[in-house]
Structures are given as structure tokens and as C-alpha cells.
Amino acid sequence: DIDHFKAINDTLGHDAGDAALTEMAEVLRDLARDSDLVGRLGGDEFAVLLTGTGERNVAVFRARLEAALAQRNAAPDRAYALVASVGSATWLPEYPASMATLHRLADEAMYADKRARQQDTDGTAALPP
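Basis of the calculations
Residues numbered from 1 in each chain as written. Predicted model: local features only at pLDDT ≥ 70, side-chain atom pairs only at ≥ 80, totals over all residues. Heavy atoms only, no water. Helix = DSSP H or I, 4+ residues; strand = E, 2+ residues; numbered from the N terminus. Buried < 20%, exposed > 50% of the residue type's maximum accessible area, 1.4 Å probe, protein only. Contact = heavy atoms within 4.5 Å. Areas by Shrake-Rupley, 256 points an atom, 1.4 Å probe, with all protein chains shown as cover. Lys, Arg positive; Asp, Glu negative; His and termini not counted. Charge placed at Lys NZ, Arg CZ, Asp CG, Glu CD. Core = buried A, V, L, I, M, F, W, Y, C linked by side-chain atoms within 4.5 Å.

**Comments concerning the overall build of the protein**
Then step 1. Counting its regular elements, the protein contains four helices and two strands.
Then step 2. Reported as C-alpha extents along the three principal axes, the dimensions of the protein are approximately 50 × 30 × 20 Å.
Then step 3. The buried share of the protein, reckoned over its 129 residues, is 30%.
Then step 4. Across the protein, the fraction of contacts at a sequence separation of at least 24, relative to all contacts at a separation of at least 6, is 57%.
Then step 5. Of the accessible surface of the protein, which amounts to about 8000 Å², a share of 55% is contributed by carbon and sulfur atoms.
Then step 6. Separation between the mean location of the 13 positive side-chain charges and that of the 21 negative ones in the protein comes to 3 Å.

**As for the nonpolar core**
Then step 1. In terms of nonpolar packing, the biggest core is built from 18 residues, with Ile2, Met24, Leu65, Leu69 and Leu82 touching the most fellow members.
Then step 2. When contributions to this core are tallied by element, the ones reaching two or more residues are helix H1 (5-12), helix H2 (14-31) and helix H3 (55-73).
Then step 3. Here the element with the most residues in this core is H2; it accounts for seven residues.
Then step 4. In this structure Leu82 touches Ile2, Ala20, Glu23, Met24, Leu69 and Asn73, once residues within four positions along its chain are discounted.

As C-alpha cells, this is what we get:
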């Protein structure tokens, strides 16, 4: 999820919200390998299916995502900060799970991440100082 997406829309307008969605999609697509799948599930929620990988690679992907967003957010003309909450779930052959179960588990982890990192409940953290 894009953190504070509603604040971007409400404060800067829907054109800025659309730009944030497009930018997040570009970042995710740039970080993904040819074998991975990137998609927007709806609203400000995206999914990345990392193929042939494990939890260690998920952590690497997350670190690369945070670095890419930090680099974009450092631009002097930024109207908003682009920040993502991330959750993951891993499919294991010995414990097969449906896509619906994996999505639910990833969603639960993402909301836990969002709660753990939330600094400002009114959404103003999405805007530059």
C-alpha cells in the first residue's frame, strides 16, 4: 500500500494521487525481474509476485524498494513523499496454500508493517516539511 495516499489525494488533488500511483507502479516494475509479476490490485494496493525466491530475497526486494523511494523523495521539487507499507507471504511446496490465503497473509503482514511504522495518524507525514 502507498502510505498516506488519501492525504495526497485530499491535499494535493487527484492528479497528484494518479501521479503517485503511476510512480509507484514504475518503481515496482523497475525493481522486478522479467520472471516476476507486478500488478495493481486496486486503490493504492499493489502486488509483486517474486518467482523462484525465498524470504531472504523478499527482504532484499524490500530494501531496494525503500532505497528507490528514498531517492525519489529526495528530489527538491517533491510535492509528497512516496512511502510503502509492505507485507509478504511465501508459498512453500510442503505447505501449499491458495492465492487467496497468500493474499490474506500478505495483507495481514502489510497492515502490521503499517502500524509499526506509522508516525502520524492524520496523514500529514505524506507531505514535505
